[in-house]
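A closer look at the structure
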Amino acid sequence: MAAERGGCSLEAVPLPPEVRESLAELELELSEGDITQKGYEKKRAKLLARYIPLIQGVDPSLQTENRVPGSSQATAAVSKQQKSRSTNSRDERFRSDVHTEAVQAALAKYKERKMPMPSKRRSVLVHSSVETYTPPDTSSASEDEGSLRRQGRITSTPFQSHSNVEPWLNRVIQGSSTSSSASSTSSHPGGKPAAASNTATATTAATVLADLMAHTQLDNHSAPPDVTTGLVEHLHHERPQVASVRGVPRGYNSSILETADGVPVNSRVSSKIQQLLNTLKRPKRPPLKEFFVDDFEELLEVQRPDPNQPKPEGNQMNVLKGEPLGVVTNWPPSLLAALQRWGTTQPKAPCLTALDTTGKAIYTLTYGKLWSRSLKLAYTLLNKLTTKNEPLLKPGDRVALVFPNSDPVMFMVAFYGCLLAEVIPVPIEVPLTRKDAGSQQIGFLLGSCGVTLALTTDACQKGLPKAQTGEVVTFKGWPRLIWFVIDGKHLAKPTKDWHPQVRDASAEIAYIEYKTSKEGSTVGITISHASMLAHCHALTQACGYSEAETLTNVLDFKRDAGLWHGVLTSVMNRMHVISIPYALMKVNPLSWIQKVCSYKARVALVKSRDMHWSLLAQRDQRDVSLSSLRMLIVADGANPWSISSCDAFLNVFQSRGLRPEVICPCASSSEALTVAIRRPPELGGPPPGKAVLSMNCLSFGVIRVDTEEKLSVLTVQDVGQIMPGANVCVVKVDGTPYLCKADEVGEICVNSGATGMAYFGLLGITRNVFEAIPVTASGVPVSDQPFTRTGLLGFVGPDYLVFVVGKLDGLMTVSGRRHNADDVVATALAVEPMKFVYRGRIAVFSVTVLHDDRIVLVAEQRPDASEEDSFQWMSRVLQAIDSIHQVGVYCLALVPANTLPKAPLGGIHISETKQRFLEGALHPCNVLMCPHTCVTNLPKPRQKQPDVGPASMIVGNLVAGKRIAQASGRDVTQLEDNDQARKFLYLADVLQWRAQTTPDHPLFLLLNSKPVFLESDCNLGKMDTSQPPNRLKVKASLPRLDSKKMFSVFTSKTGLSLLESP
């Protein structure tokens, strides 16, 4: 009856195969975003106009319902908040139970939305389904929980079940028409349909028919869908949650597809991916007949900022001033003066205790021994090392210190010996092989510093690679070095009349500390004697160091906090340092806690990694106590993910004497040294702070407080107050250093006397980093003193506490949004902890593709992982990163265990991994490329102009004000009509061709002593040859030269002297 009220009846008409192909192609274009929804509806209605009669009285609102019958339920499932949390744990330092639960909840949302799980591509067609109506005599494939799923899959053969589908299709369309007509009639008083109902009716019927054709299976084979379908479909709820299929052209097999170039292939390739490949294959210099744009950037899609993105709303921040440096009575004027004082007045006081790999103390260096050995080394360097009867070193020269992490005693002697000799030490890592990661960059630093001498120990030198001559090999990129062993037998005793010059702290360079940048280059940061003394003073005041205190150091003593606390500040305050080697921590992670307990240490210097390892091994040790600690300094407290290790460590060891206020995270950088550190309450520090921030707002550089119930949040802890005697401000990351607003994330800058001076030999980047002048919004400088950029991203919170949310080295800017590499690593590790990734070894970095950063994730998989497990894990990682960070991953690669390049202390060498990826030397075992999820600024297609000549192109560009990109003139005409001769345009090619074709042709004739001049045709020009003149024939030769009117003369030195003679 509804059909009768509509004015006509609908009859099912068989559709030709070409119409089905066109409908399938149209559906594919819509799913890939090649056409708009409006254009899709218009073209579909045009295709079906001949086969479906117009029906009046169809409600347009039912159009979407018929197309996507389950979209409302899917939308409701997406909006549902997941509060259930799992209890997985993992063995890595990016440990956060809250974040793990958030990732698992995000993955659960994908399952509830019935979205397909990604997996690898296969060379078969993709199938779709109809969710509401199921035709008779068909069966639906079962859903497999461990693989990708499609609902209600039709298993009939392509185009062969048309007789079975037609009656079902007829009932579907009639049912839609009935309900649509009823709705349309009820919506208009008097039962008169509106004029627009005809169009809506036709569109609704066309929608159902097109969906049927697009959802009908095209092949007998069953295959998983697109790998990353689940990453983008949730952004378009108005589209059906099914994968589209490409129509099969007539004359081809149903399993063969065509690329954009018309080449048949056996795999499904997205048109956008093919467009990207075709664009990259184009030559860099387009033909002249094509329309060209002056700059390549103009060809790319311009990323428009989201109008709804959060923006900072706070007031402009002011420069934050730290507490003034206190005046200490009897404070030494330099670090060497302090060493001289303790070495002569307290010679038996312990300075440093070294441990072996079993945890046993093998040697204790006293202050007296440190002073005497340093004197011997300084005297030997200045007086006993000579080359060609000249001193090998002079004050101000640079010397490399090559010592393993297990020998802090000899390193300390070498460091202070160089300071006493007034030479500049450059501590570096021990090169184990000629192909160490980053070894070539270290060699470049040594070469730029002019290093010719390397100090080491006898045991270390024996372990270095040797050449056939027995000498240490010259490593790749390294300068030629002279290796000198500083063991006692190689040092000379100073004479009685020799005394070192212990001067006051000055602006001269004290030592150079190396740093590896984000791009992999290694630079040397110069630290002056005055900065070294001021830094020791600031650390002493901030940490409350006193004489004879015991400090347990787990960090690398050659650089960063391990050097500042364990080698420099400890000597200034006559402290006793217990050095824990890295090899011992690998064997016994509880060794540092045991030494704190046995030595009653007051201060411990660790990283969050060491705290996490201790948690895994603490069950084996019950009789430990940390009640003696007054400060537990967390050197990597600037890493936002260190808070999880700190909280977990406190929960476990609080019952063993650890007080909550003892944990003191700090923030530091190689350029600005220590930036901030949390003080205990007895030193006047405020209560610790904690902030739960929205990751989405942080990606736009804005601070917004959120709740832990949300999935995409980042919990950070404060790193305390700024250092005494320092001024701190937060400036914008890019461009002019404008001051940030109070709720804006920026780069922290420090003005202090305890920072680095410059990058050695690099004046350009030195000005940008060490001589920054922050300005207000109006462009007024905030100070006449330069600030040093720290490379730390953060803000200043309540009570003047500093919060750090990331580093510039790990910053990835994708489509205008900032993402931190550590955050992505933590999300990937939270997917399936302890099941797939080998020892949590994951590297995340960005590569530039089409002038924008693209995220690359490389992980080491476990040796027993199968290929199916690999792709299943990768698909879940893609979903988790998309849910938590709202960003796509360009490439996800898996490599075998223990194959990624390692840093000196066992971590992943990020820059070397990136370099191998770019060079194609990574050799992954599984790769998942997803360019279509993240490359959104594809180049615009070139527009060809009408047939115009080159002259019109040039004139038009000149009128438009553009520079001429290229122009070509006429071909140079040849002297012969021979086609073979026209191929050669250069003299060398012509001579070679002449020698092969006419070898007997005379080219040059050498005359005898008779004054006869001959000419020889060389086919390239005329050449006159003359005999060389002598004393008797000069007057006879000169008239001949003048008569020939030569403008140049080719002769020898003897001939030239004869011609110049009178």
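Since we're looking at a predicted model, the values are computed, not measured. (Residues numbered from 1 in each chain as written. Predicted model: local features only at pLDDT ≥ 70, side-chain atom pairs only at ≥ 80, totals over all residues. Heavy atoms only, no water.)

**A short note on the overall build of the protein chain**
Of the regular secondary structure elements, the protein chain holds 31 helices and 35 strands. Looking at the protein chain as a whole, 50% of its 1062 residues are labelled buried. For the protein chain, long-range pairs separated by at least 24 residues make up 75% of all intrachain contacts whose partners lie at least 6 apart in sequence. (Helix = DSSP H or I, 4+ residues; strand = E, 2+ residues; numbered from the N terminus. Buried < 20%, exposed > 50% of the residue type's maximum accessible area, 1.4 Å probe, protein only. Contact = heavy atoms within 4.5 Å.)

**As for the pattern of salt bridges**
In total, this model carries 22 salt bridges according to the counting rule given. Close ionic contact of Asp610 with Arg609 constitutes a salt bridge, the shortest N to O distance being 3.2 Å. For the pair shown, Asp610 and Arg609 are each scored as buried. Between Glu860 and Arg841 there is a salt bridge, and its shortest N-O distance comes to 2.9 Å. Linking Glu860 in strand β31 (residues 853-861) with Arg841 in strand β30 (residues 837-848), this pair joins segments that are 19 residues apart in sequence. The same class applies to Glu860 as to Arg841, namely buried. Residues participating in the shared-partner salt-bridge network are Glu313, Arg704 and Asp743. (Salt bridge = Lys/Arg side-chain N within 4 Å of Asp/Glu carboxyl O.)

**Focus: helix α19 (residues 591-599)**
When we look at burial in α19, the residues that qualify are Ser591, Trp592, Ile593, Lys595, Val596 and Cys597. After α19 finishes, the residue Lys600 shows a positive phi value of roughly 50°.

**Some points on the packing of aromatic side chains**
Counting across every chain of the model gives 14 aromatic pairs. Ring centres of Phe795 and Phe803 lie 5.2 Å apart, and the angle between their planes is 5°; this geometry places the pair in the stacked category. Note on accessibility: Phe795 and Phe803 belong to one class, buried. Over the ring of Trp613 we find Arg609, and its NZ or CZ is 5.5 Å from the ring centre. (Phe/Tyr/Trp six-rings, centres within 6.5 Å; stacked < 30°, edge-to-face > 60°. Lys NZ or Arg CZ within 6 Å of the ring centre and 35° of its normal.)

**Side note on the packing of helix α20 (residues 608-617) against helix α21 (residues 642-653)**
In the contact formed by α20 and α21, the axes pass within 9 Å of each other and the chain directions differ by 40°. By the angle between their axes, α20 is oblique relative to α21. Where α20 crosses over α21, the handedness of that crossing is left-handed. In this structure, α20 contributes Ser608, Met611, His612, Ser614 and Leu615 to the contact, and α21 contributes Ser642, Ser645, Cys646, Ala648, Phe649, Val652 and Phe653. (Axes fitted to C-alpha atoms, helices over the stretch in contact; angles between N-to-C directions. Parallel < 35°, antiparallel > 145°, perpendicular 65-115°, else oblique. Left-handed = near helix turned anticlockwise from the far one by under 90°.)

**A few points about the sheet that holds strand β23 (residues 727-731)**
Taken in spatial order, the 5 strands line up as β3-β23-β24-β26-β27 in an open sheet, and their pairing is antiparallel. Every other strand in the sheet has two partners, leaving β3 (320-321) and β27 (802-807) as the edge strands with one partner each. With 4 bridges joining them, strand β24 (residues 746-751) and strand β26 (residues 788-796) adopt antiparallel strand pairing. Within the sheet, the bridge partner assigned to Gly746 lies in β26 and is Gly794. (Pairing = 2+ DSSP bridges.)

**Section: the environment of Gly438**
With respect to the secondary-structure elements, Gly438 resides in the loop between β9 (424-428) and α14 (439-449). Classification of Gly438 by relative accessible area gives buried; the value is 10%. Distance from Gly438 to Ala903, taken between C-alpha atoms, is 8.4 Å for residues 465 residues apart in sequence. Residues in contact with Gly438, not counting those within four places in the same chain, are His909 and Glu912.

**Notes on the side chain of Thr540**
Tracing the backbone shows Thr540 in helix α16 (residues 529-543). Among the polar contacts made by the side chain of Thr540, one reaches the main-chain carbonyl oxygen of Cys536 at a distance of 2.7 Å. Sequence-distant contacts of Thr540, defined by excluding residues within four places in its chain, comprise Trp331, Tyr545, Thr569 and Asn573. (Polar contact = N/O pair within 3.5 Å; in protein donor to acceptor, adjacent residues only side chain to side chain.)

**Quick notes on the nonpolar core**
Taken as a class, soluble globular proteins show a tendency for nonpolar side chains to be buried jointly. Within the largest apolar cluster, 100 residues are counted, with the highest numbers of intra-cluster contacts made by Leu381, Tyr416, Leu455 and Leu568. Per element, the largest residue contribution to this core is 11 residues, and it comes from helix α13 (residues 408-420). Counting residues in hydrophobic clusters, the runner-up holds 54 residues, among them Leu698, Ala828, Leu829 and Val887. (Core = buried A, V, L, I, M, F, W, Y, C linked by side-chain atoms within 4.5 Å.)

**Side note on the sheet that holds strand β25 (residues 758-759)**
With antiparallel pairing, 3 strands are arranged side by side in an open sheet as β12-β13-β25. Of all the strands in the sheet, the pair left with one neighbour each is β12 (509-516) and β25. In terms of strand pairing, β12 meets strand β13 (residues 522-528) through 7 bridges, oriented antiparallel. Its bridge partner being in β13, Tyr514 is matched across the sheet by Gly524.

**Quick look at the packing of helix α11 (residues 335-345) against α13**
Packed helices, taken two at a time, are described by their axes: the angle between them and the distance between them. Closest axis-to-axis distance for the α11/α13 pair is 11 Å, and the angle between their directions is 115°. Judged by the inter-axis angle, α11 sits roughly perpendicular to α13. Considering how the two elements wind past one another, α11 and α13 form a crossing that is left-handed. Here Leu335, Leu336 and Leu339 of α11 come into contact with α13, specifically with Tyr416, Leu419 and Leu420. Per-class residue counts for the contact of α11 with α13 are 6 nonpolar, no polar and no charged. (Nonpolar A, V, L, I, M, F, W, Y, C, P; charged D, E, K, R; others polar.)

**Digging into helix α12 (residues 367-383)**
With 17 residues, α12 ought to run about 24 Å at 1.5 Å a step, and its terminal C-alpha atoms sit 24 Å apart, in line with that. Within the sequence span of α12, burial applies to Tyr367, Gly368, Leu370, Trp371, Ser374, Leu375, Leu377, Ala378, Tyr379, Thr380 and Leu381. (Expected span 1.5 Å × (residues − 1).)

**Looking at a positive patch on the surface**
A cluster of basic residues, Lys369, Lys376, Lys493 and Lys496, forms a positive patch on the protein surface. By secondary structure assignment, the location of Lys496 is in the loop between β11 (482-485) and β12. Judged by its relative accessible area of 83%, Lys496 is exposed. (Patch = residues over 30% accessible without salt bridge, like charges linked within 9 Å, V, L, I, M, F, W, Y side chains within 5 Å. Areas by Shrake-Rupley, 256 points an atom, 1.4 Å probe, with all protein chains shown as cover. Lys, Arg positive; Asp, Glu negative; His and termini not counted. Charge placed at Lys NZ, Arg CZ, Asp CG, Glu CD.)

**With respect to the pairing of strand β8 (residues 398-402)**
Burial runs high along β8: 4 of the 5 residues are buried. Taken together, the 5 bridges between β8 and β9 define a ladder with parallel strand orientation. Paired with Arg398 across the strands is Ile424, a residue of β9. Bridge analysis of β8 against strand β10 (residues 453-456) gives 2 bridges, and the strand direction is parallel.

**Overview of unusual backbone geometry**
Outside of glycine, negative phi angles account for most residues, and trans bonds account for most peptide bonds. Positive phi values are uncommon outside glycine, yet Arg839 reaches one of about 55°. In this fold, Arg839 is placed in strand β30. A positive phi angle, close to 55°, is found at His923, a residue other than glycine. Mapped onto the elements, His923 comes out in the loop between α26 (910-919) and β33 (926-929).

**Topic: the pairing of β23**
Along any regular strand the residues' side chains alternate between the sheet's two faces. Of all the 5 residues making up β23, 4 are buried; the element is thus mostly covered by neighbouring parts of the structure. The pairing of β3 with β23 spans 2 bridges and is classified as antiparallel. Bridge pairing in β23 links Lys321 to Asn727. Summarising the sheet, β23 and β24 pair through 5 bridges and their orientation is antiparallel. Within β24, the position partnered with Val730 by the bridge is Ile748.

**Some points on the side chain of Arg630**
Along the chain, Arg630 turns up in the loop between α20 and β17 (631-634). A polar contact of 2.8 Å, which involves the side chain of Arg630, links it to the backbone oxygen of Cys543. Those residues in contact with Arg630 that sit more than four places away from it in its chain are Cys543, Gly544, Tyr545, Glu549, Arg602, Val603, Arg659, Val662, Pro680, Glu682 and Leu683.

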